[in-house]
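# Residue-level structural notes
If you want the building blocks of each chain, they are given just below.
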Amino acid sequence: MAKTYDYLFKLLLIGDSGVGKTSILFRFSEDAFNISFISTIGIDFKIRTIDLDGKKVKLQIWDTAGQERFRTITTAYYRGSMGIMLVYDVTNEKSFENIKNWIRNIEENASADVEKMILGNKCDLDSKRQVSKERGEQLAVEYQIKFVETSAKDSLNVEYAFYTLARDIKAKMEKKQEASNPPGARGGTHQLKSNDQQRKPPSWLSRCSIL
Amino acid sequence: MSCSSTEDLPDQYKELFTQDGVLLKACIGRPISDLNSIGMLCVVQNSDGTKCIEWRPNDLITIDSDTQDQEWAVVNTIGRRQRTLSGNMTSDYAAARARIVRIPLAELKTFKVTRNNQQMQFSTKSGVWQNTFYFQHGNAEIFVAYLKNHVKTAKTRHDRNTYVVVESNIDSQALNKSFTELDIFTENTTDVVWSLVSNFKQRPYETTMEAFSKLTDIVWSVLVYYGNEGLNGKRDVSEEVADLLTKSMSALEDTTSITKSDEYEVITVKPTLPPRPCIPRGTPLSTEKWEGLQDTEGRILEVEGVKQLIFRGGVAHSIRPAVWKYLLDYYPWRSTHSEIRKIQKRKTEEYFSMKLQWRSITERQESRFSEYRERKSLVEKDVNRTDRSHPFFAGDNNPNVLLLQDILMTYVMYNFDLGYVQGMSDVLAPLLLLLGNEVDSFWCFAGFMEKIASNFDMDQAGMKQQLLNLQQLLTFAVPDLAKHLASKDSGNMYFCFRWLLVWFKREFSFSDIMRLWEVLWTGLPCANFHLLICVAILDAEKDVLISKDYGFNEILKHVNDLSMCLDIDKILSTAEGIYHQLMSAPHLTDQIRIILGIPTAANNPNDRNEESESEDLGDEEPGRENARNQANGYTRI
C-alpha cells in the first residue's frame, strides 16, 4: 500500500471528565460539533492528515476517559505518544486545578521531551467562566508550556492548537535527526516515518504497570 | 457319595464352559417326558477339536464337590469342580445319556435370546428353532457372551434378539472378535458404535481415551483384522466403522507430535476443541407462560425453570417490567402479592429517605463538602450526555434526564464508598426507559450494580481480573486469535474494556441490550457467561483480524467500530455453543473451570494430570502466563 504521509505523530488528549476532549477531537477530525456527546468509555482514536510545511503529517489522536479511576487502563494506550494536549474547562475551576495533577502525572511517567500544550476549552461560555484567561497563561508560563483557549463549539483555535503541537514535534524531531545524522549524510529514513507503531515504549511507559 | 473321575467319560472331551440350572423347554424329536427337566448347558470341545453346545440332564450328573453351586463357571476355574457321571454304568445311565442334547457349533445357524434374556433358542437350519432352553438362575447373557468367543455373529436387522452365525469355529481370541461384537457398550446398537467412531474424527483425543479405557490394546487388532478381510466381500457397517477408525487414527496422529530420544518417547497431544454445537434461540417468555408460573398468591416456585426459559429466549417486552424486578433481586421470587406490596412500600420509603439526605444539603454545606461536590458534578456531566439522542432522553429540560440524575445521586448516598463512576448512567438508562418509575428504577439499578460493582472498583481490580479471564478463555477457545492478539501487543484485551464495563451497553440498540442483559442476569449457564459473549463476538471477527494482520491500533478501532453492527441472537447462540464446546473439551483446565464456576479437577482424581498443568499461577505477569497457556498440552512419557 502506498504511503500517503511523510510523518505519523501520535497525540493524546488528557484532562478531567467532561472538559470537552472528545468535542475538541470531533471538531478537529470532522469539523463538527454535537451538543449531545456521549462520555468516552475506555479509549478511542481518530486520524487526520494535515499538510505541514510541504510535508504530509498523519495525526493519530487518542481520546481517553477522564475519570481518574480508569487511568491505569487508559495509560496503556499512551505508549509512543509524541504530543500531549492537557485540556481543562474554563467554566470548571476544579478541572483547571487538576491540570497540575495531570502534568505531575506526565512528569512522573513521561520522557522529558514529550511535547505538551494546555487548552482552556469552552471559552464560548463566557457567562459561566470560572477561570480567567490570565490564570491560564500564568500556569503555562509556570510550566513553560504553550497555552491557548479554545471552543470546540465555535471552532475557535482548535486547528491552531493541533497545528502548533504538530509543528513543534516536527521541529524537535528534525533537530534530533540532524544531531544524529551529521550534515551531508542526510536523507536517511527515521523511525517515525513509518506505518508501524513504535514497539519500544519510551522509558516513562516502561514503568507503567500493565495488569 | 459316588466316586468321581473324568476318565470315566466315554467320550474324550473338554468342558469349556458350563451353565447350571438350565431347563430343557423344547427339543424337536424328543419325547415330552424328556422336556422340562433341569440340567447343565455347556460348551464342550471334542477330541477332534470341534466344539458343540451340550445340555445334560441333572440326573446324569453327580457332583462330589462341596463347593457346588448352581451358577455358571468358566473353564479355567472349573478344575476344582470335578463333574463326573455316575460311577455305576447302569441302564439308567444309558437312558440318561440318550437325553443329552448336542448342537455342533459348525452346524449352528442362528440363536435367539428372549423372555428377558432368560430363554435361548438354537437352530441348525433356517426357519426352525430346534432347541429351547430356559435359564432358571440368572440369565443367558454370560452364556451368549461366551458363545460369541467361538462363533462370529451378527444381529439380524428385523430382530435385535436374533443372532446369525456368520463364521463358526473361530479362535477364542479377543482380537478376532468383530468390533461391533465386543460388547464394550451397554447399548447394543449400531448407532452407538457409529457415534463413537465418528467422534474419532472430530474429537480424537477424548474418544481415543474413552475407547482405550475399554479396549486397551484391541483397537489396533481390530483395525488389522478388518484391514485384511471384509465380510462376505460386502461393505457393511462394520467395514465402514473400520474405515472411519483408520482415518481417525491418522487424524489422531495429526494432532500429536512424537519426540524420540534414546531412552524414551514423548508424545505431545495438541488438544482441539470438540465441534461447536449450533443451538437455536428460543422464544421469549410470554405473558401467558409467566402468569402460569405464579401460584394463586403470586409466588414463583419454579425459579430455575423460569431462569432457563429466560436464558433460552429472553422475556416478552410487555412483561419485562414485572420480570426484571425479580431478575434484579428487587422482588424475591417466592414472595406473594401482599408481600410484594409491603416490599414496595418499604423500599419506596427507604428510597425517598436517601433522596432527602442529599436534597437537603444546602449550597453552603456543599461548598465545604468537596467529595460530595465532585460526585454531583460528575453525575450532572454524565446524565447530560447519556443517550440524549433517544427520544426518551432528548431535548432541553427533559424530565427523564433529571430522573437519571436523581437516581444516580441517591445511589451515591446508598453506596457512598463507590459513589458515582462513569458508565453507571449508561447502565441506568435502559432500566429507567423500561420501568419509567423512579423508585423501581433505583432498586433495579441497585440490583444490577450488585452484579457488576467490581467493574467500578477504585483500583479497577475487577476489570483487570475480567480482562485476564477473557484472555484465558480466548486462549483456550480460539487459540489462533489469542496468539495473533498477543503478537500485536493486545493480549491484555484492553480493547474490550468498554464491552465489559457497561455490559455491552454501547454496542447494541436499546431493544438488543435489554435482551442481552435479561439473559445474562439469569446467571446461566455458567459464571462469567458475559466473557463468553466477548469470545463469541471476537470469534466472528477472527478472520478479519488475522487475515488483514491488524495491529495494535487497528484491533482497537475495529472492535470499537463493531458498535451497533452486531446481531444479538447470533452472538447469544454462538456463546452458548462455545460454552458447550468448553464443557465437553477433554483437556479443559482448572483455570477455565474456575472462571466458569464449575467444579475443578481436584474433585475428580482422573483429571489430576491436568490440574498440575494449570494450577494457580499467582501473580505471574501475563506474558509468562500466555506462554504457559500455549504450552499447556498433554505430555506423556
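Looking at an unreviewed UniProt entry, chain B carries the name TBC1 domain family member 15, with the source organism given as Pieris brassicae. Chain B has a UniProt comment under Subcellular location (unreviewed entry) that states "Cytoplasm".

Looking up chain A in an unreviewed UniProt entry gives the name Ras-related protein Rab-8A, with the organism given as Pieris brassicae. Regarding chain A, the relevant UniProt record gives this comment under Subcellular location (unreviewed entry): "Endomembrane system". Looking at the Sequence similarities (unreviewed entry) heading of the UniProt record, one finds this comment for chain A: "Belongs to the small GTPase superfamily. Rab family."

Helices and strands together make up the secondary structure of chain A, namely 6 helices and 6 strands. Beginning at the N terminus, the succession of helices and strands in chain A can be written as β-α-β-β-α-β-α-β-α-β-α-α. Counting every position in chain A, which comprises 211 residues, the buried fraction comes to 53%. In chain A, the proportion of contacts linking residues at least 24 apart, taken out of those at least 6 apart, comes to 73%. Here chain A has roughly 9,900 Å² of accessible surface; of this, 47% comes from carbon and sulfur atoms.

Residues and elements named next belong to chain B. Viewed as axis vectors pointing N to C, helix H9 (residues 320–327) and helix H19 (residues 510–521) meet at an angle of 35 degrees, and their least axial separation amounts to 10 Å. By crossing handedness, the relation of H9 to H19 is classed as left-handed. Along the contact surface, H9 presents Arg-320, Trp-324 and Leu-327, while H19 presents Ser-511, Met-514, Arg-515, Glu-518 and Trp-521. A per-class count over the contact of H9 with H19 returns 4 nonpolar, 1 polar and 3 charged.

Bringing helix H14 (residues 424–435) of chain B into the picture now. All names here are of chain B. Along its 12 residues, H14 runs 17 Å from first to last C-alpha, staying within 8% of the 16 Å computed at 1.5 Å per residue. Along H14, 11 of the 12 residues are buried, which leaves the element largely enclosed by surrounding structure. Among the residues of H14, Met-424, Ser-425, Asp-426, Val-427, Leu-428, Ala-429, Pro-430, Leu-431, Leu-432, Leu-434 and Leu-435 are the ones counted as buried. In the core, the buried residues of H14 are packed alongside H9, helix H12 (370–383), helix H13 (399–414), helix H15 (438–452) and H19. Remark: Gly-436 follows H14 within two positions and exhibits a positive phi of approximately 75 degrees.

Further remarks concern the interface of chain A and chain B. Taken together, the contacts link 31 residues of chain A with 34 residues of chain B. Summing both sides of the interface, chain A and chain B together bury roughly 3,300 Å²; the carbon and sulfur share of this comes to 57%. For the interface between chain A and chain B, the tally reads 2 salt bridges. Residue Glu-374 of chain B pairs with Lys-94 of chain A through a salt bridge whose shortest N-O separation is 3.5 Å. The tally of links between chain A and chain B comes to 11 residue pairs in polar contact (both at pLDDT 80 or more). Those elements that place two or more of their residues in the side of chain A that touches chain B are strand E2 (43–52), strand E3 (55–64) and helix H2 (71–74) of chain A. Take the side of chain A that touches chain B: its biggest share by element is 4 residues, from E2 of chain A. Residue composition of the side of chain A that touches chain B, grouped by class: 13 nonpolar, 12 polar and 6 charged.

Our next topic: the environment of Glu-291 of chain B. Residue and element names in this part refer to chain B. Residue position: Glu-291 is located in helix H7 (residues 287–292). In this structure Glu-291 comes out as exposed when scored by relative accessible area, which is 52%. Sequence separation between Glu-291 and Ile-319 is 28 residues; the distance between their C-alpha atoms is 9.8 Å.

Residue and element names in this part refer to chain B. Note that Thr-410 resides in helix H13. Owing to a relative accessible area of 0%, Thr-410 belongs among the buried residues under this scheme. Side-chain polar atoms of Thr-410 contact the side chain of Trp-358, separated by 3.0 Å. Residues contacting Thr-410, with those up to four places away along its chain left out, are Tyr-351, Met-354, Lys-355, Trp-358 and Phe-442.

Another aspect to go through is the pairing of strand E5 (residues 115–121) of chain A. Residue and element names in this part refer to chain A. With 7 of its 7 residues buried, E5 lies for the most part within the structure. Of the two faces of E5, both are covered, the one formed by Glu-115, Met-117, Leu-119 and Asn-121 as well as the one formed by Lys-116, Ile-118 and Gly-120. With 7 bridges connecting them, strand E4 (residues 83–89) and E5 associate as parallel partners. Its bridge partner being in E5, Val-87 is matched across the sheet by Leu-119. Where E5 lies against strand E6 (residues 146–149), 4 bridges are found, and the strand directions are parallel. Residue pairing across strands places Ile-118 opposite Phe-147, the latter belonging to E6.

Residues and elements named next belong to chain B. It is the contact of helix H16 (residues 461–477) with helix H17 (residues 479–487), at a shortest axis distance of 5 Å, that shows an interaxial angle of 130 degrees. Looking at the two axes, H16 sits oblique to H17. Mapping the contact onto sequence places Leu-474, Thr-475, Phe-476 and Ala-477 in H16 and Pro-479, Leu-481, Ala-482 and Leu-485 in H17.

Definitions and limits used
- Residues numbered from 1 in each chain as written.
- Chains lettered and ligands numbered in written order.
- Predicted model: local features only at pLDDT ≥ 70, side-chain atom pairs only at ≥ 80, totals over all residues.
- Heavy atoms only, no water.
- UniProt positions renumbered as here; feature names shortened; annotations may be inferred.
- Helix = DSSP H or I, 4+ residues; strand = E, 2+ residues; numbered from the N terminus.
- Buried < 20%, exposed > 50% of the residue type's maximum accessible area, 1.4 Å probe, protein only.
- Contact = heavy atoms within 4.5 Å.
- Areas by Shrake-Rupley, 256 points an atom, 1.4 Å probe, with all protein chains shown as cover.
- Axes fitted to C-alpha atoms, helices over the stretch in contact; angles between N-to-C directions.
- Left-handed = near helix turned anticlockwise from the far one by under 90°.
- Nonpolar A, V, L, I, M, F, W, Y, C, P; charged D, E, K, R; others polar.
- Expected span 1.5 Å × (residues − 1).
- Buried area = accessible area lost by both parts, 1.4 Å probe.
- Salt bridge = Lys/Arg side-chain N within 4 Å of Asp/Glu carboxyl O.
- Polar contact = N/O pair within 3.5 Å; in protein donor to acceptor, adjacent residues only side chain to side chain.
- Pairing = 2+ DSSP bridges.
- Parallel < 35°, antiparallel > 145°, perpendicular 65-115°, else oblique.

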